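Breakdown of the fold
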Amino acid sequence: MLRTLIGLWFGLAAAISLAAPAAAPVRGEIDALLAALQASNCEFQRNGSWHAATEAKTHLLRKLEYIEKRSTLPSAEKFIELAASSSSASGQAYQVRCNGTVQPSAQWFARQLERIRAAGSAGAPGALGASSAK
């Protein structure tokens, strides 16, 4: 019994030690996604209620913090999947409304991520992922 408890404790300690913030490039993309949301003047629907982009950013940052306490996000796509696509509580898909057009938030964030990466690969000043090695 004691041996089992010790084994469980070490397993739990190992699992907890694996949880860490996303790597800097991944976190940079996530931060850029949230900045794009905040700057968009779009509205964000969760659980049937519309919220301003700044409120949505705050909510998604809380979800990101929760996720990073439990695991490491390997990509911005995984952030979109786990945090920015649907409610953890209800399972309802999030929506984004811009200029009267409503679309699933996963689609909106994926499009923003494409733009962020395109700007970075083009070597735009201050763009994420810009590299002189290309």
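So, a few notes on the structure that sits alongside this text. (Residues numbered from 1 in each chain as written. Predicted model: local features only at pLDDT ≥ 70, side-chain atom pairs only at ≥ 80, totals over all residues. Heavy atoms only, no water.)

To continue, consider the packing of aromatic side chains. With the rule as written, the count across this model stands at two aromatic pairs. When the ring of W108 is compared with that of F109, the centres are 5.0 Å apart and the planes differ by 90 degrees; the resulting orientation is edge-to-face. Of the two residues, W108 and F109, both sit in the buried class. Seen from the ring of Y66, R70 lies directly overhead, with NZ or CZ sitting 3.6 Å from the centre. Residue placement shows R97 over the ring face of W50; its charged tip is 4.0 Å from the ring centre. (Phe/Tyr/Trp six-rings, centres within 6.5 Å; stacked < 30°, edge-to-face > 60°. Buried < 20%, exposed > 50% of the residue type's maximum accessible area, 1.4 Å probe, protein only. Lys NZ or Arg CZ within 6 Å of the ring centre and 35° of its normal.)

What follows concerns the side chain of K63. Counting through the fold element by element, K63 comes out in helix α3 (residues 53-70). For the buried K63, no salt bridge is present, and the opposite-charge side chain at shortest range is E81, 11 Å distant. If we ignore the near neighbours within four places in the chain, the residues touching K63 are L82, A83, S86, S87, S88 and Y94. (Helix = DSSP H or I, 4+ residues; strand = E, 2+ residues; numbered from the N terminus. Lys, Arg positive; Asp, Glu negative; His and termini not counted. Salt bridge = Lys/Arg side-chain N within 4 Å of Asp/Glu carboxyl O. Contact = heavy atoms within 4.5 Å.)

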